[in-house]
Amino acid sequence: MSINSLQKPGLLRRPFNLPWLFIGLIPVLLLLPLTVRDYTLNVFIIILMWAAIAGAANVLIGYTGLVCFIPPVFIGLGAYFSTWLLLNLNVTPWIGMFIAAIVTTLIALVIGFLFFRYGVGGVYFALGTVALMLISQILFVNLPWFGKSEGLYIIIRETEPLMMKFRNKLPYYYIILAVTSIVFLVSNWIYNNKPGYWLRAIRENEAAAEAVGVNLMRYKQFAIAVTAFLLAMIGTFWANFLTYFDPYSAFHWEIAGLAIIIMVAGGAGTVWGPFLGALILVPMAEIIRAQLGSTIPGFHMVVYGAVLMVVLLYLPDGFLSIATKGKRWLLKRNGVDPDAVQTNGRNVSLSELFSYAKPAPDQADSTAPATDNNIILEVSKLTRMFGGLRAVDDLSFTVRRGEVFGIIGPNGAGKTTTFNMIAGALAPTEGSIKFRGENVTGLLPHVICKQGIGRTFQVTQSFPKLTAMETVMVGSFLRHPITAHAKQRALDILEVVGLLPKANVLTENLTLADLKRLEIAKALATDPDILLLDEVISGLTEVETEEVVGLIRQINKETGVTIIMIEHVMHVIMSLCDRVLVLNFGKQIAEGTSEEVTSDPQVIEAYLGQKVEFDNA
Amino acid sequence: MITEATITLLLQAIVVGLLTGGIYALFAVGLSLILGVADIMTFVHGDFLMIAMYLTLAAVVATGAEPYVGIILVVPGMAMLAYFSFKYLPAVTKITAFPHMRQMLYMLGFSYLLQNLILMFVGARHQIISTSLTKYNFFVGDVFVSMPRLLAGVVSVILTITLMWVIKYTDLGRIIRAASQDREAASLMGINVDKTYMLTWIIGIGSLGFAGPLLAPIFAFYPIVGNYYLMIGFMCVVMGGLGNIGGALIGGIIMGVALELGNVFLPGSSGPILPFLVFVGVLVFKPEGIFGKPIRSKR
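Rules used in this analysis
Residues numbered from 1 in each chain as written. Chains lettered and ligands numbered in written order. Predicted model: local features only at pLDDT ≥ 70, side-chain atom pairs only at ≥ 80, totals over all residues. Heavy atoms only, no water. Helix = DSSP H or I, 4+ residues; strand = E, 2+ residues; numbered from the N terminus. Rg over C-alpha atoms; globule rule 2.2 N^0.38 Å. Buried < 20%, exposed > 50% of the residue type's maximum accessible area, 1.4 Å probe, protein only. Contact = heavy atoms within 4.5 Å. Areas by Shrake-Rupley, 256 points an atom, 1.4 Å probe, with all protein chains shown as cover. Pairing = 2+ DSSP bridges. Right-handed = clockwise from strand over helix to strand, strands pointing away. Core = buried A, V, L, I, M, F, W, Y, C linked by side-chain atoms within 4.5 Å. Domains from an automatic or database assignment. Buried area = accessible area lost by both parts, 1.4 Å probe. Salt bridge = Lys/Arg side-chain N within 4 Å of Asp/Glu carboxyl O. Polar contact = N/O pair within 3.5 Å; in protein donor to acceptor, adjacent residues only side chain to side chain. Nonpolar A, V, L, I, M, F, W, Y, C, P; charged D, E, K, R; others polar. pLDDT = per-residue confidence, 0-100. Axes fitted to C-alpha atoms, helices over the stretch in contact; angles between N-to-C directions. Left-handed = near helix turned anticlockwise from the far one by under 90°.

What am I meant to see in the overall build of chain B here?
Scanning chain B for helices and strands turns up 13 helices and 2 strands. Its C-alpha atoms give chain B a radius of gyration of 19 Å, near enough to 19 Å, the size a compact globule of 299 residues would have. Summarising its shape, the C-alpha atoms of chain B cover approximately 60 × 55 × 35 Å along the three principal directions. Counting all 299 residues of chain B, 53% fall into the buried class. Considering only residue pairs separated by 6 or more positions, chain B has 74% of its internal contacts joining residues 24 or more positions apart. Total accessible area computed for chain B in this model is approximately 12700 Å², and 69% of it derives from carbon and sulfur atoms.

Dropping the structure here:
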């Protein structure tokens, strides 16, 4: 793959995000309805409505990966609240729409809080939302204020534009067109900015997202709030367009099912997918219903079901992926590498990139006494129990600013558990951790990352469906909320770790060595003061090991970022680390320079002795 | 204020609830097996039950016999349906390798397909099969006991316990449990994992061959009735803890009793809200289920 400075990555990665496509659509969408008859206009309105529903649900389901059946709840609540305001307080739906959307959003936040605080996701969340849908249905049948099972009626005697009442259908087309455009613009903005990257990171890997500073609760709440607000607006339109609805039609299982089918068929988690899905599937179903509805009822639903199955079997990324692949093929045929990366020819030095970590201390002066000034991390009496097992037992150590600190020990010695406690993935049973003099014990991983401790995982934790650049951007968004800045920083860091040529490759297609580099890049992107490296060279070949060791040394020497590393390979520890801590059965058995430690008889007995014998065998 | 009438109502609700819960349990245990062992996010279990009910109807129409006699035909019928669907239907054969979410969506499509195919051929009319067993209905004190419900509840609980016994104490059960815990390790121990998955699929769906004829005289059925049972079944399974068969039994009974208590004591038609609230409550406050292993990450 070449670095092609002429190609714009934005064009290549998201070929359908072209502004001209959108602008070109506007006159068509505005003028087309003037030329058609009522029936066709009705179909247009239904297409737009489903596009809007699927597009709004896409933020929660597609971007964030929280598959659920909640859309009918938000649509129904929006419809009920705005219509109630209209019928009882004579509030025009133009305003009621927003009041209903705000109330629905508040309800959504309560639902989100209850489910997300323990991380209920996957099938559990999906089932919970089905239950919520049925609960809403039963509630609205029985509550005294909403017309019970009769439902609510909006009576239109004459056209009253201020009350969203029209006797012909054309105005409804323009209303839903506006609503759909809002849904498109909102979901497009989210996709291309910090929230979109963070939502997709949550979908791909919650632990990894949290470790680079993503506040899981806040962003899941953000997603459910956006979806609820948009769906409630659509619900208001739906109520005023149909003029009649009841709890059974509003909180209907099929609305959720169809929203998901349309989204997945078009391409879930993409900007254009839901809109494309609606454009293809809804007219198809409408034609089938019009042609065969009277003779074979239910046939259009058979088609929906079959389409969903076929798409999931053969086109897991939806119809949109055909177009994406076609575009790539076209580019390749014209001799353009679709994975090419744009650079601006910057040659960044590490020290420039990490100037925040200055001043770099006198390197490797481990003989100097530890003072308050140069201690960056202070761990005291740290203990973690797993049931009756003391995984880490009364562990104390200090790390000085700018040094490379190694933690070694046999398998099960408690090294990774210690890391997890420093990074916040585990809460200590006892003891405290001080970072730059501040107590960070028991804080959540995203808070600790924000404070300046970055980590990698022993088993690489990646975002399979994001590219290398997007992965690093997820990290760099923590300190650089503007997309262009985050992207520039991601490209710089990718260059430093040597992954720039693969910036546009999907993470799932990277080799293990690349993934290890990406782990480091992702952690570096959060601008850490301390970098926790958990066996970053395990599983690498000798050449790859040398490269990564060189990279770690370079990062430490040139930027002054403090490094704490767990490693099994002795010569790496010997060559990199200023000081080494040796653990066995959760306890510290030695601490000192690598020479001191390797000559310690206890260490040799516990660890190195076996290792040496084994190596010579 | 607790009057004698309230106590009778309460007892009545508990008796009916226990019996209904028994049937839910039979459904839920099969579902739990398929979810926990074969690891297939089946969203069509309810639709298979619907098919079993229509098969019962067909048997009754063809022979004029009692629906319960239909068990003789419906159980092998469902087992065969399960066998052929596992063997030849891409809907089932292909998806074992998919991640759960994709399986779920895929099964959603399959469910739409099945429901609407049935709708196309038999229509949306609500059906119920009459049985002469109702003439043996009786009272215990003031509590009314319906014979069809008693039969269905008792037979379901017996079947459920038999199934649990098989899973726990027989070699077949040990094989099934081994395959469910670690696919690879089980296959290294000489277990034919694919065959085990198929067996579980057949047992799970075959048990619906009992549930269908037992339920058809009690509750009306129609092409999309499966959604309701699927929902209830999933709730029982999740409440008991995913993969915990005994838990599914208890989950079923809790759901049944909650439904009847709701029907008796909640106003209007809001009765069914109670089991759903119980379910959401469990999910929100103890998401691992009443007997399940934790699903949330403990810090």
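What follows continues from the structure just given.
How should I be thinking about the pairing of strand β9 (residues 530-534) of chain A in this particular structure?
When a strand is regular, its side chains alternate between the sheet's two faces. All names here are of chain A. In terms of burial, β9 is largely enclosed, as 5 of its 5 residues are buried. Residues Ile-530, Leu-532 and Asp-534 line one face of β9 and the alternating positions Leu-531 and Leu-533 line the opposite face, and both faces are buried. The sheet contact formed by strand β8 (residues 453-455) and β9 spans 3 bridges and is parallel. Bridge pairing in β9 links Gly-454 to Leu-531. For the segment spanning β9, helix α22 (residues 542-559) and strand β10 (residues 562-566), crossover handedness is right-handed.

Would you explain the sheet that holds strand β6 (residues 430-435) of chain A in this entry?
Paired through backbone hydrogen bonds, the strands of a sheet run either parallel or antiparallel to each other. Residues and elements named next belong to chain A. Spatially, the 4 strands line up as an open sheet ordered β4-β3-β6-β7, and their pairing is antiparallel. Here the strands that pair on one side only, and so sit at the sheet edges, are β4 (389-400) and β7 (438-439). In this sheet, β4 lies alongside strand β3 (residues 375-386) in antiparallel orientation, the contact comprising 8 bridges. Bridge pairing links Arg-384 to Val-392 in β4.

Mind showing me how you'd approach the nonpolar core here?
Note on soluble globular proteins: their nonpolar side chains tend to be buried together. Counting residues in hydrophobic clusters, the biggest one holds 272 residues, and the most contacted among them are Trp-50, Phe-69 and Phe-115 of chain A together with Phe-279 of chain B. The element best represented in this core is helix α3 (residues 38-63) of chain A, accounting for 19 residues. Not counting residues up to four positions away in its chain, the partners in contact with Trp-50 of chain A are Ile-255, Leu-258, Ala-259, Ile-262, Ala-278 and Val-282 of chain A. Val-379, Phe-397, Ala-423 and Leu-583 of chain A belong to the second-largest nonpolar core, a separate cluster that totals 27 residues.

Any chance you could explain the domain arrangement of chain A here in plain terms?
Residues and elements named next belong to chain A. If you check the domain split of chain A, you get domain 1 (36-257) and domain 2 (374-462 + 508-608). A C-alpha centroid distance of 46 Å is found between domain 1 and domain 2. On the domain 1 side of the interface with domain 2, the three residues burying the most area are Glu-210, Ala-211 and Val-212, jointly 52% of the side's total. Across the domain 1-domain 2 interface, the total number found is 0 salt bridges. Between domain 1 and domain 2 we count 2 residue pairs in polar contact (both at pLDDT 80 or more) in total. Residue classes in the side of domain 1 that touches domain 2 are distributed as 5 nonpolar, 3 polar and 2 charged.

What is the right way to read the confidence of the model for chain B from this model?
The predicted coordinates ought not to be read in detail in places where the model reports low pLDDT. Mean pLDDT for chain B: 85, with 95% of residues reaching 70 or above. The ipTM assigned to the predicted complex is 0.88, against a pTM of 0.89.

Before we go on, may I ask you to explain the packing of helix α1 (residues 4-36) of chain B against helix α12 (residues 245-265) of chain B in this structure?
A pair of packed helices is captured by two measures, namely the crossing angle of their axes and the spacing between those axes. All names here are of chain B. The N-to-C vectors of α1 and α12 enclose an angle of 145°; their axes lie 5 Å apart at closest approach. By crossing handedness, the relation of α1 to α12 is classed as right-handed. Grouping the constituent residues of the contact of α1 with α12 by class yields 21 nonpolar, 8 polar and 1 charged.

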